[in-house]
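# Residue-level structure breakdown
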Amino acid sequence: LAAVLLKAYRGKYEQPSKVVSTKYRIPKTLERVVLKAMAFDPKDRYPSVMALQREVDEFTRGVWRLPTMTFAAGETILTEEEAGEEAFIITKGRCLVYKIRGDEAERIVLSELGPGDVFGETAVFSQKPRIANVEAMEEVEVMVVDRDAMLGALGPNPWVITFLSTLADRFRELDRKLHDRDEECRETPSEHD
């Protein structure tokens, strides 16, 4: 007990994520709140109990403070086959989602997205390359959700992450099969040729 009290007095303690079993994840946002509340230097702590309470309430309600980015009309936001560590939530503007097919670089439009729509999440969960391109049709503003923020929002339940990663992998596999089928149809001459 004396050793524990001495460590506390000196502000020496392990970060919560290092103490908890690896079976569980401490959301980075929650750990940030805990570390600020436990800061050794009083000027690094919350200025009041109300400020700490506000942070804890925002965490429990799932309020995100996400960075934003802006893209000009015609600017590429995501490129097919690149690694994906971030997903995006559109707050303003419209985007075009498309794939490039074949050697002729034919653009196949998949969809248009607008405010409230999300893109890039499959690559974040599957940790595999992106499967489509996204281009700004007009000025677009997005909130950027990196992998840590996304996983932190899911909480300490590893089964949720496994579930979502499996769904992302199945979606990617379905996309690959559809792409292969389309390529076969293009290569196989029809009866009328």
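Residues numbered from 1 in each chain as written. Predicted model: local features only at pLDDT ≥ 70, side-chain atom pairs only at ≥ 80, totals over all residues. Heavy atoms only, no water.

## Observations regarding the sheet that holds strand E7 (residues 133–136)
Adjacent strands of a sheet form backbone hydrogen bonds with each other and so pair up, either parallel or antiparallel. In spatial order, the strands read E2-E7-E4-E5; together these four strands make up an open sheet with antiparallel pairing. The open sheet has two free edges, formed respectively by strand E2 (76–78) and strand E5 (106–113), since each of these has just one partner strand. For this sheet, the mean angle separating the axes of adjacent strands, direction not counted, is 35°. With four bridges joining them, strand E4 (residues 95–101) and E7 adopt antiparallel strand pairing. Within the sheet, the bridge partner assigned to valine 97 lies in E7 and is valine 134. (Pairing = 2+ DSSP bridges. Helix = DSSP H or I, 4+ residues; strand = E, 2+ residues; numbered from the N terminus. Axes fitted to C-alpha atoms, helices over the stretch in contact; angles between N-to-C directions.)

## Digging into the pattern of salt bridges
A full pass over the atoms with the stated rule returns eight salt bridges. The partner of glutamate 80 in a salt bridge is lysine 99, and the shortest N-O contact between them spans 4.0 Å. Here lysine 99 lies in strand E4 and glutamate 80 lies in the loop between E2 and strand E3 (86–92), a separation of 19 residues in the sequence. In this structure glutamate 80 comes out as buried when scored by relative accessible area, which is 18%. Note on lysine 99: relative accessible area 11%, which makes it buried. Here glutamate 112 ties to arginine 94 by a salt bridge, and the two come within 3.8 Å at their closest N and O atoms. Residue glutamate 112 is found in strand E5, and its partner arginine 94 is found in the loop between E3 and E4; the two are separated by 18 residues along the sequence. For glutamate 112, a relative accessible area of 45% corresponds to the partly exposed category. (Salt bridge = Lys/Arg side-chain N within 4 Å of Asp/Glu carboxyl O. Buried < 20%, exposed > 50% of the residue type's maximum accessible area, 1.4 Å probe, protein only.)

## A closer look at the nonpolar core
Soluble globular proteins tend to bury their nonpolar side chains together. Counting residues in each nonpolar core, the largest one holds 15 residues, and the members touching the most others are Ile77, Ile90, Cys95, Phe119, Val134, Val140 and Val142. At the level of elements, E2, E3, E4, E7 and strand E8 (140–146) are the ones that each hand at least two residues to this core. The element best represented in this core is E8, accounting for three residues. Excluding residues within four positions of it along the chain, phenylalanine 119 makes contact with Ile77, Leu78, Ala87, Phe88, Ile90, Cys95, Leu113, Val134 and Val142. Judged by nonpolar contacts, the second largest core, of eight residues, contains Ile89, Val124, Phe125 and Met150. (Core = buried A, V, L, I, M, F, W, Y, C linked by side-chain atoms within 4.5 Å. Contact = heavy atoms within 4.5 Å.)

## Section: the pairing of E4
Most of E4 is tucked away, with six of its seven residues classed as buried. The pairing of E4 with E5 spans seven bridges and is classified as antiparallel. Each bridged residue has a counterpart across the sheet, and for leucine 96 the counterpart in E5 is glutamate 112.

## A look at the confidence of the model for the protein
Residues at a pLDDT of 70 or more form 86% of the protein, whose mean pLDDT is 82. Looking at the elements of the protein, mean pLDDT is at its lowest for helix H6 (residues 147–154), recorded as 71, and at its highest for E7, recorded as 95. (pLDDT = per-residue confidence, 0-100.)

## Observations regarding the layout of surface pockets
As a volume, the second largest pocket reaches approximately 360 Å³. Around the second largest pocket sit 20 residues that line it, and Val97, Gly120, Ile131, Ala132 and Phe171 are the ones nearest its centre. When residues of the lining of the second largest pocket are traced back to their parent elements, those giving at least two are E4, E5, strand E6 (118–119), helix H5 (121–126) and helix H7 (158–187). When grouped by side-chain class, the residues that make up the lining of the second largest pocket number twelve nonpolar, three polar and five charged. (1 Å grid on protein atoms, 1.4 Å probe; cavity = no way out; pocket = protein on both sides within 12 Å on 5 of 7 lines; lining within 4 Å. Points joined across faces, edges and corners; volume = space filled by probe spheres on them. Nonpolar A, V, L, I, M, F, W, Y, C, P; charged D, E, K, R; others polar.)

## Re the sheet that holds strand E1 (residues 68–71)
A sheet is described by the order of its strands in space; here four strands give the open sequence E1-E8-E3-E6, paired in antiparallel fashion. Every other strand in the sheet has two partners, leaving E1 and E6 as the edge strands with one partner each. The pairing of E3 with E6 spans two bridges and is classified as antiparallel. Bridge pairing in E6 links isoleucine 89 to valine 118.

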